[in-house]
Amino acid sequence: MGDIRVEYDVTAISVGSRDLNVDIFHPGDNANGGCLLFLPGGGFRTANKAGLHERYAPRIAERGYVFIATEYRVMEEAMWPAQIQDAKALIRWTRANAERLGIDPDRIVLGGASAGGNLSTLAGGTQGNPYYEGDGGNEGVSSDVAAIIGVYPVTDVTERAYGEGREQLYGVNPSAEFVRAASPIHQVNPGYPPTLLIHGTGDTTVPYSHSTTLFDALEAVGVPVELHLYAQQEHIFDREPAFAESVSAVMALFMDRCVPAKVPA
């Protein structure tokens, strides 16, 4: 990985009796001050940050960005909205530690894949809403981000909230209002950050309509949004090295354009 420096299992926040750890991939001399904080997928049953190490982390760090692979509480550990509150707490931790991380606190991008994409795209539409903030530390620090990345994200949980085993996450027969509050598609507003959506059109786990619908909704309210579709590719298609490289390049180019490094005065 060249001159990339990695810190493993850094405790970012403590929630309940659980420490949430992150792995930090620091770029070398080409560091540009930007940061991609990334939430893994796993259907809210797992949240394995190690799965991001080969897929995105070194490729993003090689392009000058600090990459932070995260974890969050899964359904066996806590019910919703703990997961989105963990995501917000991780943003606050990142901003509070910007100097130590060598990043510009105004250039934090939140990304996520699958269930993590649900959290990243939900965070984009709920900035400043106390319901989603939780008590994961760094109170008073903003959890706003400069941009959002969703890789095959779950953007509407209307059907999934009532599936087998989902009561462990959302409770038994959650109200329509509760489900809407967990669905990014219902949080779209003109203040939503610039957004990148990536999906495979052969995805049967999370149909690509989750991304196209969100794309249309964001475009309708004037939010800068990009959609990249990969023909006939299934869920987690980017585990293959060629697609991992392509997706990482798309993410880096998006960040270069939407959260550019500040030019010294």
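In short, a report on the structure.

### Quick word on the nonpolar core
Phe44, Ile68, Trp80 and Trp93 are the most contacted members of the largest nonpolar core, which totals 53 residues. Sequence-distant contacts of Phe44, defined by excluding residues within four places in its chain, comprise Tyr72, Val74, Met75, Trp80, Gln83, Ala115, Asn118, Leu119, Arg166, Leu169 and Tyr170. Membership of the second largest hydrophobic core comes to 30 residues, among which are Phe38, Ile149, Phe237 and Met251.

### A word on the pattern of salt bridges
This structure, assessed with the given rule, holds 12 salt bridges. Across the pair Arg100 and Glu7 runs a salt bridge, and its minimum N-O distance is 3.2 Å. Here the residue Arg100 occupies a position in helix α4 (residues 98-101), and Glu7 occupies one in strand β1 (residues 5-15), the gap between them amounting to 93 residues. Look at Glu7 and you get buried, because its relative accessible area is 19%. Close ionic contact of Arg18 with Glu77 constitutes a salt bridge, the shortest N to O distance being 2.6 Å. Note that Arg18 is positioned in strand β2 (residues 18-26) and Glu77 in the loop between β4 (66-69) and α3 (82-96), a separation of 59 residues in sequence. A relative accessible area of 22% places Arg18 in the partly exposed class. Residue class for Glu77 comes out partly exposed when judged on its relative accessible area of 40%. Shared partners join several salt bridges into a network, and the residues in it are Arg5, Glu7 and Arg100.

### Description of α3
If you check α3, its first and last C-alpha atoms are 21 Å apart, about what 15 residues at 1.5 Å a residue would give, namely 21 Å. With 14 of 15 residues buried, α3 is to be regarded as a mostly interior element.

### Digging into helix α9 (residues 241-258)
In this model, α9 (18 residues) spans 26 Å end to end at C-alpha, consistent with the 26 Å of a helix rising 1.5 Å per residue. All of the buried residues in α9 are Ala244, Val247, Ser248, Val250, Met251, Ala252, Phe254 and Met255.

### Section: the packing of α3 against helix α5 (residues 115-125)
Packing of α3 against α5 leaves a shortest axis separation of 10 Å and a crossing angle of 70°. Here α3 is positioned roughly perpendicular relative to α5, judged by the angle of their axes. The two elements α3 and α5 meet at a crossing, and its hand is right-handed. Residues Gln83, Ile84, Ala87 and Lys88 of α3 form the contact with α5, whose participating residues are Leu119, Leu122 and Ala123. Within the contact of α3 with α5, the residues separate by chemical class into five nonpolar, one polar and one charged.

### Topic: the pairing of β4
Alternating residues of β4 divide into Val66 and Ile68 and Phe67 and Ala69, and every residue in both groups is buried. Note that β2 and β4 share three bridges and pair antiparallel. Looking at the pairing, Ile24 lines up with Ile68 of β4.

### Here we look at the side chain of Arg95
For Arg95, the position within the fold is in helix α3. Buried within the structure, Arg95 lacks any salt-bridge partner; its nearest side chain of opposite charge belongs to Asp106, at an N-O separation of 5.1 Å. Within polar-contact distance, the side chain of Arg95 engages the backbone oxygen of Ser142 at 2.7 Å. Every residue in contact with Arg95, bar those within four places of it in the chain, is listed here: Pro105, Ile108, Val141, Ser142, Ser143 and Asp144.

### With respect to unusual backbone geometry
The omega torsion of the bond from Trp80 to Pro81 falls at 15°, within 30 degrees of zero and hence cis. By secondary structure assignment, the location of Pro81 is in the loop between β4 and α3. One non-glycine residue, Ser114, adopts positive backbone phi at about 60°. Relative to the assigned elements, Ser114 resides in the loop between β5 (108-113) and α5. We note that Asn173 has phi near 50°; this positive angle belongs to a residue other than glycine. Structurally, Asn173 can be placed in the loop between α6 (167-170) and α7 (176-181).

### Remarks on the environment of Tyr230
With respect to the helices and strands, the residue Tyr230 is situated in strand β8 (residues 225-230). A residue is classified by how much of its surface remains accessible, and Tyr230, at 13% relative accessible area, is buried. Distance from Tyr230 to Ala220, taken between C-alpha atoms, is 23 Å for residues 10 residues apart in sequence. In this view, Tyr230 contacts Ile198, His199, Gly200, Thr201, Phe237, Phe243, Ser246, Val247 and Val250; residues no more than four positions away in its chain are not counted. Engagement of the side chain of Tyr230 in a polar contact is seen with the side chain of Ser246, the distance being 2.7 Å.

Reading the values: rules and limits
Along each chain, numbering runs from 1 in the same order as the chain's sequence is written. Per-residue local features are limited, in this predicted model, to residues with pLDDT of at least 70; the limit for side-chain atom pairs, both in listing and counting, is 80 or more; totals at the level of whole chains, interfaces and linings are taken over all residues. To obtain the side-chain values, all non-hydrogen atoms of the structure were used and water was disregarded. Among buried residues, those of type Ala, Val, Leu, Ile, Met, Phe, Trp, Tyr and Cys that are joined through side-chain atoms within 4.5 Å constitute a nonpolar core. Burial here depends on accessible area, computed with a 1.4 Å probe over protein chains only, as a share of the maximum for the residue type. Under 20% is buried, over 50% is exposed, and the range in between is partly exposed. What makes two residues a contact is simply this: any of their non-hydrogen atoms within 4.5 Å. When a carboxyl oxygen of Asp or Glu is within 4 Å of a side-chain nitrogen of Lys or Arg, the pair counts as a salt bridge. Helix and strand assignments follow DSSP, with helices taken as H or I runs no shorter than four residues and strands as E runs no shorter than two, numbered in order from the N terminus. Here the expected length of a helix is defined as 1.5 Å per residue gap, with one fewer gap than residues. Axes here refer to lines fitted to C-alpha atoms; in helices the fit is confined to the stretch in contact. Angles between the N-to-C directions go from 0 to 180 degrees. These descriptions rest on fixed angle ranges, namely under 35 degrees for roughly parallel, over 145 for roughly antiparallel, 65 to 115 for roughly perpendicular, and the rest for oblique. By convention the crossing between two helices is left-handed if the near helix lies anticlockwise of the far one by an angle smaller than a right angle, and right-handed if it lies clockwise. Amino acid classes used here: Ala, Val, Leu, Ile, Met, Phe, Trp, Tyr, Cys and Pro are nonpolar; Asp, Glu, Lys and Arg are charged; the rest, including Gly, are polar. Strands are treated as partners if at least two bridges between them are detected by DSSP. When charges are tallied, Lys and Arg are placed among the positive residues and Asp and Glu among the negative ones, while His and the ends of the chain are skipped. Polar contacts here mean pairs of N or O atoms no more than 3.5 Å apart (in protein, one a potential hydrogen donor and the other a potential acceptor; neighbouring residues in sequence count only if both atoms are side-chain atoms).

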